Amino acid sequence: MKKSILITGGAGFIGSHVVKLFVEKYPEYRIVNLDCLTYAGNLENLKEIEGADNYHFEKVNILDEASLVEVFEKHSITDVIHLAAESHVDRSITDPLAFVKTNIIGTVNLLNTAKSFWRNYEDHLFYHISTDEVYGSLDEGGFFLETTPYDPQSPYSASKASSDHFVRAYANTYKMRTVITNCSNNYGPNQFPEKLIPLCIHNIKNNKPLPVYGKGENIRDWLYVVDHARAIDLVFHEGKKGETYNIGGFNEWKNIDIVRLLCKKMDEKLGREPGTSEKLITFVKDRAGHDLRYAIDATKIQKELGWEPSLQFEEGISKTIDWYLENEEWLKNVTSGAYQQYYSEHYHNR
Ligand code: NAD
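Residues numbered from 1 in each chain as written. Predicted model: local features only at pLDDT ≥ 70, side-chain atom pairs only at ≥ 80, totals over all residues.

## Side note on the overall build of the protein
Thought 1: Scanning the protein for helices and strands turns up 12 helices and 12 strands.
Thought 2: Against the 2.2 N^0.38 benchmark of 20 Å for 350 residues, the protein shows a C-alpha radius of gyration of 20 Å, consistent with a compact globule.
Thought 3: In terms of overall dimensions, the protein has a C-alpha envelope of 65 × 45 × 40 Å along the principal axes.
Thought 4: Buried positions account for 45% of the 350 residues belonging to the protein.
Thought 5: Of the contacts formed within the protein by residues at least 6 apart in sequence, a portion of 82% connects residues at least 24 apart. (Helix = DSSP H or I, 4+ residues; strand = E, 2+ residues; numbered from the N terminus. Rg over C-alpha atoms; globule rule 2.2 N^0.38 Å. Buried ≥ 20, exposed ≤ 12 C-beta atoms within 10 Å, placed from the backbone. Contact = placed C-beta atoms within 7 Å.)

## Notes on the UniProt feature "domain: NAD(P)-binding" (unreviewed entry) in the protein
Thought 1: Taken from the UniProt record, the annotation "domain: NAD(P)-binding" (unreviewed entry) applies to residues 6–320.
Thought 2: Along residues 6–320 one finds 40% helix and 17% strand; the C-alpha atoms at either end are 28 Å apart. (UniProt positions renumbered as here; feature names shortened; annotations may be inferred.)

## Details of the site of the ligand
Thought 1: Gly9, Gly12, Ala40, Gly41 and Ala85 are the nearest of the 30 residues found near the ligand.
Thought 2: Residue assignment for the shell around the ligand shows that the elements contributing at least two residues are α1 (13–25), α4 (96–117), β5 (125–131) and β7 (185–187).
Thought 3: Residues of the shell around the ligand, tallied by class, amount to 14 nonpolar, 13 polar and three charged. (Near = placed C-beta within 6 Å. Nonpolar A, V, L, I, M, F, W, Y, C, P; charged D, E, K, R; others polar.)

## Topic: the packing of helix α6 (residues 196–205) against helix α8 (residues 255–270)
Thought 1: In the contact formed by α6 and α8, the axes pass within 10 Å of each other and the chain directions differ by 40°. Viewed along their axes, α6 and α8 adopt a mutual orientation that is oblique. As α6 packs across α8, the resulting crossing turns out to be right-handed. Contact with α6, carried on its side by Leu196, Ile197, Cys200, Ile201 and Ile204, involves Asn255, Ile258, Val259, Leu262, Cys263 and Met266 of α8 and no other residues of that element.
Thought 2: Within the contact of α6 with α8, the residues separate by chemical class into 10 nonpolar, one polar and no charged. (Axes fitted to C-alpha atoms, helices over the stretch in contact; angles between N-to-C directions. Parallel < 35°, antiparallel > 145°, perpendicular 65-115°, else oblique. Left-handed = near helix turned anticlockwise from the far one by under 90°.)

## What to know about the sheet that holds β5
Thought 1: Across the sheet, which stays open at both edges, the seven strands sit in the order β3-β2-β1-β4-β5-β6-β10 with parallel pairing between neighbours. Of all strands in the sheet, those with a lone pairing partner are β3 (55–59) and β10 (244–247), marking the two edges. Neighbour to neighbour, the strand axes of the sheet diverge by 20° on average, direction disregarded.
Thought 2: Here four bridges tie strand β1 (residues 4–8) to strand β4 (residues 79–82), and the two strands are oriented parallel to one another. Bridging across to β4, Ile7 finds its partner in Ile81.
Thought 3: Against the sheet, α1 makes contact with β1, β2 (30–35), β3 and β4, and its axis sits at roughly 165° relative to β1, the strand it touches most.
Thought 4: The strands touched by helix α7 (residues 225–238) are β4, β5, β6 (178–183) and β10; relative to β6, the strand with the most contacts, the crossing angle is about 160°. (Pairing = 2+ DSSP bridges.)

So, in structure tokens, the structure goes:
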């Protein structure tokens, strides 16, 4: 059976890298990018593959069940890689219900559509992309393993934990073939500049304050987005069905150290006196319920599937800064809402 893969959230940060990788690497597959183009998604992220024969775009909201059924029928969908989500913790604190709707109900809609459309579940895969935040917060020591009990602490992570549970429940109850990966923080090109790294790059460039929560002591593990996309490719093709894999960079950083690293590199790249950008650092009131530390143990995917990150952090950060500096127009258009306006005029929801 020819593969026709539905990738949801393909116009977003991680999804756009996954779509590009699959379209370019697998010309024999039909790749269908389904995305409703929220503020975080825009097709500019995919302009390199826009005209490819094996690429199709559907502007659909995963809350719209009837349109999901139409898309499955129109493209004879054989597999799903599900990334569409509300993804920003701060937004989940101000509007939790939006996260319940897209992340939980949207995921269940997709599961239901796949469940009714597919005949023999052995032939199909439902792959859910999730986060390490479902495991909660760590103190100084230890790592998240695939067996770590879920303990989500924010409305965002609670919604992702719930969607993971639904995916497992569908595997158990209806015998659908599923796989879940839980990944640490991603960075790289195409990320909406509300998240730490692109926000700092944007603000340093424009001499604006660099807001750092609390004392900047919170620790995250960081992975270059293209390495996440490579891991998704590997798990999609070689992962054991019903399994969970953690994906991470073994690359822990305190937020304040990342901000300082960005300041140092940006001073070099912009030809500024050393120390100039650090003066922009501004400590702000901590995020409510801010998890102290996330750290992924990615041994299972390394040992079982032979995956490992291809880029060292400083190299990845340097590439990322270069990308944002070379794509000022992109940054301007996503922050002003110009792309969102353009695409809502050119694509109508079904
Ligand atoms: P993003 O916010 O950049 O992109 C999300 C995409 O989903 C956007 O294109 C948006 O338009 C689309 N979308 C949102 N709601 C939709 C809906 N109701 N219907 C259809 N499309 C919708 O997110 P991201 O950072 O690329 O994250 C992608 C996935 O990976 C998410 O599931 C997220 O939980 C997970 N994840 C992200 C990270 C990270 O560091 N960014 C880490 C681990 C896991």
